[in-house]
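Okay, here's what each chain looks like letter by letter:
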Amino acid sequence: MSAPTVTVTREQAEDFLYQEAMLLDEWHLDAWLALFEEGGTFEVPTTDYQGWDRTGGGFFVLDDWDLLKARVKRLKSRKAHAENPHSRTHRMVTNVRVIRGKDGIELKANFLINRFRDHTHHTYVGRYHHDVALNEDGELKFLHRRAYLEHELLEPGARLSFIL
Amino acid sequence: MTQTIAEGLVETGHGGLIAQDWNALTFRVNREAYRSAEVFQAERERIWGHSWLYLGHETEIPKKNDYKVRTLGGKPLIFVRGGDGVVRAFLNSCPHRGTVVCRDESGNARNFQCFYHAWTFNSSGKLSALPGDDAYAELDRFKGSMDLRPVAKLDIHEGFVFVSFDPDVPPLLEHLGEAADVLSMAAEQSATGMTTLPGIQRYGVKGNWKLAVENAMDGYHFSPTHNTFVGYLRETGFAVTDDDQYAYDLGNGHSMLVLTGHNGRLGMLWEPRFGEAEKARTEANRKAMAQRLGQERADTIGDASRILFVWPNLLFFDLEALTIRQLEPVAPGRTDVRAWQYVPTDEDDEARAMRLKTMTSFVGPGGLATPDDIEAYEAVQRGIEASKGDSRGFNDWSDMSRGMEREAKGEKGRSIDEGAMRSFWRHWDQSLGKVPGVTATSYEGGNE
Ligand code: FES
Ligand SMILES: [Fe+2]
């Protein structure tokens with residue numbers, strides 16, 4: 001029996017990603033984690049990314065579900081020195097597209113994140129490619145969340161201690 | 001702070017920027033060492049210009065005509081395997097008028113053509129064509145003198161490629177000394193060999209390069225700085241300890257921490273977070289290693305983690321997994337870092353995924369630990385402005401006295417002491433000497 005066809009509109013996808021951006025900018029990390037299906041993953045490949053998978057090469061972030069939970073727990077701690085005090089972030093999510101592949105639904109979007117800390121400012125530019133699913137309640141959830149940077153390298157001070 | 005200084009017992013370094021007092025058992029570094037443009041310039045000339053420098057690993061350019069461009073000591077270079085299979089490094093600068101010849105980051109090319117006047121060099125550096133060559137007198141002699149300029153020295157140990165801009169450096173193995181065997185121990189971890197993976201973590205840090213070296217050689221910071229990471233390890237069933245871990249001065253500026261209490265080691269020492277499949281793999285791997293290398297060597301390699309610093313720009317982390325990290329000073333307060341995963345070639349996908357995940361969880365600007373290290377050295381770089389020019393004695397000196405009493409007694413230095421930092425600074429001081437125009441605030445005259 002084939003799976004029932006699910007439809008996600010661009011409006012739904014936008015609402016989902018905008019809501020996520022707000023949760024991250026306001027540092028509501030538990031609520032952010034709740035946007036994932038249990039067992040979800042989060043990846044940020046290195047800036048010289050050539051399309052490898054989780055066995056093929058370098059990443060900045062390669063979280064499985066346990067690490068993702070550990071990351072959130074860490075960032076909520078006052079002992080996450082790199083984010084204490086927190087960075088101020090300001091996210092723009094645009095060019096949202098819903099792609100229905102044979103493996104499910106993929107949300108693609110562009111992002112631009114401005115980050116302020118230590119009286120300096122960094123801009124992160126990239127693309128989101130997220131595999132998502134609709135749960136029983138009709139809510140979108142991340143299965144695999146991926147952020148790809150367009151940068152050639154992370155310029156001085158531009159570490160990824162916050163959620164990209 | 002009160003300080004009695006007995007005549008003759010204070011040894012200030014050649015340049016006056018370090019001060020060690022074997023009477024009071026203190027060791028201090030003047031903060032100008034991290035801030036001063038003159039010091040930075042002198043380092044470029046005297047250290048970067050005259051040492052062996054880590055360029056890259058042979059496996060980054062496995063095929064004929066593979067190349068990478070890379071900057072060392074501020075000099076743009078081409079790291080290339082020629083059509084003849086030989087690994088070389090050239091200044092990435094046209095012998096004609098100086099243009100950067102190769103403007104791609106990496107690739108495979110039989111020829112490099114300078115776009116300015118279209119001189120063409122083959123991947124072994126030979127000038128193969130120059131347009132309008134009838135305008136040159138003694139063409140053959142002229143052409144022969146216009147090949148890409150190679151670095152003065154290049155040598156390879158276990159696939160690790162080092163170069164020097166000084167033709168008179170001692171042989172590489174002599175320079176590496178005891179550090180050579182530590183790299184060999186890493187290379188011997190797989191019967192089929194080790195390789196670097198694509199996907200370099202490239203990031204800049206707003207801190208002096210020496211702070212990155214100090215941080216790697218400093219076990220003292222591990223618990224407080226990495227509190228959240230240690231917490232994660234504990235939750236996965238791993239007991240973290242600082243006991244029985246030591247620091248070694250390997251000579252020539254190289255140093256090493258040998259750690260037994262911080263890490264499980266993939267394929268070497270199992271811990272619960274690695275899962276059951278990895279347990280069986282580790283057992284089989286250790287057995288095979290003992291057969292191949294002998295029990296004693298296999299145990300030496302497998303039982304302890306190592307953090308190795310090879311003077312002046314290579315940090316090698318043989319921890320849960322293996323990472324090569326290269327430092328490139330850009331300015332007194334800015335360092336570029338590049339980091340590679342170093343892996344056994346014969347690993348299956350499941351083990352490889354575990355390895356990449358495990359190492360990425362710790363190291364790199366997006367890991368659960370390295371960002372706090374970066375925060376630490378960036379915070380030092382900002383904080384040391386506070387005491388700049390302060391004439392009140394000790395204020396403008398950073399303290400690295402921890403464990404000096406043990407050192408004076410000739411005891412083994414612990415990883416949680418600061419002995420590896422002291423040996424680094426002593427070598428730095430020797431290499432640098434006096435820098436004109438740089439004066440440290442006086443070591444004496446402490447303010448009570
Ligand atoms: S500068 Fe390269 S060909 Fe003229
Ligand atoms: Fe650290």
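Residues numbered from 1 in each chain as written. Chains lettered and ligands numbered in written order. Predicted model: local features only at pLDDT ≥ 70, side-chain atom pairs only at ≥ 80, totals over all residues. Heavy atoms only, no water.

A. Region of interest: the overall build of chain B. The secondary structure content of chain B amounts to 14 helices and 22 strands. For 448 residues, the compact-globule formula gives about 22 Å, and the C-alpha radius of gyration of chain B, at 24 Å, lands near that figure. With respect to the principal axes defined by its C-alpha atoms, chain B has extents near 75 × 60 × 35 Å. Relative to its 448 residues, chain B shows a buried fraction of 58%. For chain B, restricting intrachain contacts to residue pairs at least 6 apart in sequence, the fraction spanning at least 24 positions comes to 63%. Here chain B has roughly 17500 Å² of accessible surface; of this, 49% comes from carbon and sulfur atoms. (Helix = DSSP H or I, 4+ residues; strand = E, 2+ residues; numbered from the N terminus. Rg over C-alpha atoms; globule rule 2.2 N^0.38 Å. Buried < 20%, exposed > 50% of the residue type's maximum accessible area, 1.4 Å probe, protein only. Contact = heavy atoms within 4.5 Å. Areas by Shrake-Rupley, 256 points an atom, 1.4 Å probe, with all protein chains shown as cover.)

B. Focus on the coordination of the iron ion (ligand 2). All names here are of chain B. Surrounding the iron ion (ligand 2) are the protein donor atoms His221 (NE2), His226 (NE2), Asp373 (OD) and Asp373 (OD), which sit 2.0 to 2.6 Å from the metal. Considering all four donor atoms around the iron ion (ligand 2), the spread of angles at the metal, 54 to 144°, places the coordination shape in the irregular class. Positions of the donor residues of the iron ion (ligand 2), expressed as sequence spacing, correspond to H-x4-H-x146-D. You can see His226 sitting in the loop between α7 (222-225) and α8 (227-235) and its partner Asp373 sitting in helix α12 (residues 370-383), a full 147 residues away along the chain. Overall, Asp373 belongs to the buried group, its relative accessible area being 8%. (Donors = N, O, S within 2.8 Å, 3.2 Å for Na, K, Ca; no water. Tetrahedral: all angles 85-135°; square planar, octahedral: opposite > 155°, others 65-115°.)

C. Layout of the sheet that holds strand β5 (residues 66-72) of chain B. Residues and elements named next belong to chain B. Strand order in this open sheet of four strands is β7-β6-β5-β8, and the pairing throughout is antiparallel. At either end of the open sheet lies a strand with only one pairing partner, and these are β7 (87-91) and β8 (106-108). With direction set aside, neighbouring strand axes in the sheet form an average angle of 25°. Alignment of β5 against strand β6 (residues 75-81), held across six bridges, turns out to be antiparallel. Each bridged residue has a counterpart across the sheet, and for Arg70 the counterpart in β6 is Leu77. (Pairing = 2+ DSSP bridges. Axes fitted to C-alpha atoms, helices over the stretch in contact; angles between N-to-C directions.)

D. Local environment of the pattern of salt bridges. According to the stated counting rule, one finds 50 salt bridges over all chains in the structure shown. Across the pair Arg54 of chain A and Glu43 of chain A runs a salt bridge, and its minimum N-O distance is 2.9 Å. Note that Arg54 of chain A is positioned in the loop between β1 (36-45) and β2 (59-63) and Glu43 of chain A in strand β1, a separation of 11 residues in sequence. We classify Glu43 of chain A as buried; its relative accessible area is 9%. Salt bridges linked by common partners bring Arg117, Asp118 and Arg159 of chain A together with Glu375, Glu378 and Arg382 of chain B together as one network. (Salt bridge = Lys/Arg side-chain N within 4 Å of Asp/Glu carboxyl O.)

E. Quick look at the interface of chain B and chain A. With 35 residues of chain B at the contact, the number on the chain A side is 37 residues. Both faces considered, chain B and chain A share a buried interface measuring about 3100 Å² in area, 55% of it formed by carbon and sulfur atoms. Joining chain B to chain A, the criterion identifies seven salt bridges. For Lys73 of chain A, the salt bridge is made with Glu235 of chain B, and the minimal N-O distance between the two is 2.2 Å. (Buried area = accessible area lost by both parts, 1.4 Å probe.)

F. Focus on the packing of aromatic side chains. Tallied over the full model, the rule gives 29 aromatic pairs over all chains. Between Phe160 of chain B and Phe316 of chain B the ring centres are 5.7 Å apart and the planes differ by 85°, which places this aromatic pair in the edge-to-face class. A residue pair is termed long-range when its members are at least 10 positions apart, and Phe160 of chain B in strand β13 (residues 160-164) and Phe316 of chain B in strand β19 (residues 314-318) qualify at 156 residues. Assessed through its relative accessible area of 0%, Phe160 of chain B is described here as buried. What makes Phe316 of chain B buried here is its relative accessible area of 1%. Of the aromatic side chains, those joined through ring pairs into one cluster are Tyr34, Trp48, Trp209, Phe309, Trp311, Phe424, Trp425 and Trp428 of chain B. Of note, Arg145 of chain A hangs over the ring of Phe142 of chain A, and the distance from its end group to the ring centre comes to 5.7 Å. (Phe/Tyr/Trp six-rings, centres within 6.5 Å; stacked < 30°, edge-to-face > 60°. Lys NZ or Arg CZ within 6 Å of the ring centre and 35° of its normal.)

G. Summary view of the sheet that holds strand β11 (residues 127-129) of chain B. Residues and elements named next belong to chain B. Taken in spatial order, the three strands of this open sheet run β9-β10-β11, and their pairing is antiparallel. With one partner strand each, in any of the chains shown, β9 (111-113) and β11 form the two edges of the open sheet. The average angle at which neighbouring strand axes cross in this sheet is 35°, direction not considered. The pairing of β9 with strand β10 (residues 120-122) spans three bridges and is classified as antiparallel. The residue of β10 that forms the bridge with Gln113 is Thr120.

H. Molecular detail of unusual backbone geometry. Residue Pro85 of chain A follows Asn84 of chain A across a cis peptide bond; omega there is 0°. For Pro85 of chain A, the position within the fold is in the loop between α3 (65-76) and β3 (88-101). With an omega dihedral of -10°, the bond running from Trp311 of chain B to Pro312 of chain B counts as a cis peptide bond. With respect to the helices and strands, Pro312 of chain B occurs in the loop between β18 (305-310) and β19. Even without glycine at this site, Trp27 of chain A takes up a positive phi of about 60°. In this structure, Trp27 of chain A sits in the loop between α1 (10-25) and α2 (29-33). With relative accessibility at 17%, the residue Trp27 of chain A sits in the buried group.

I. Examining the nonpolar core more closely. In this structure, Val44, Tyr124, Leu149 and Leu164 of chain A together with Trp425 and Trp428 of chain B are the most contacted members of the largest nonpolar core, which totals 114 residues. Ignoring sequence-local partners within four residues, the contact set of Tyr124 of chain A consists of Phe111, Leu112, Ile113, Arg115, Leu149, His151, Leu154, Ala158, Arg159, Leu160, Phe162 and Leu164 of chain A. Ala179, Ala180, Ala187 and Ile301 of chain B belong to the second largest nonpolar core, which has 33 residues in total. (Core = buried A, V, L, I, M, F, W, Y, C linked by side-chain atoms within 4.5 Å.)

J. Spatial organisation of the pairing of strand β15 (residues 201-205) of chain B. All names here are of chain B. Burial runs high along β15: five of the five residues are buried. Neither face of β15 is open: one carries Gln201, Tyr203 and Val205, the other Arg202 and Gly204, and all of them are buried. Looking at chain direction, β15 and strand β21 (residues 334-344) are connected through five bridges and run antiparallel. Within β21, the residue paired with Gly204 across the bridge is Asp336.

K. Quick peek at the side chain of Arg146 of chain A. All names here are of chain A. Mapped onto the secondary structure, Arg146 falls in strand β6 (residues 140-149). The exposure class of Arg146 is buried, given its relative accessible area of 16%. A distance of 3.5 Å separates a polar atom in the side chain of Arg146 from a polar atom in the side chain of Glu43. Beyond its immediate chain neighbours, meaning those up to four positions away, Arg146 contacts Glu43, Arg127, Tyr128, His129, His130 and Asp131. (Polar contact = N/O pair within 3.5 Å; in protein donor to acceptor, adjacent residues only side chain to side chain.)

L. Main features of the pairing of β2 of chain A. All names here are of chain A. The element β2 is largely enclosed, with a buried count of five among its five residues. Note that β1 and β2 share four bridges and pair antiparallel. Its bridge partner being in β2, Pro45 is matched across the sheet by Phe59.

Nothing here speaks to function; it is geometry throughout.
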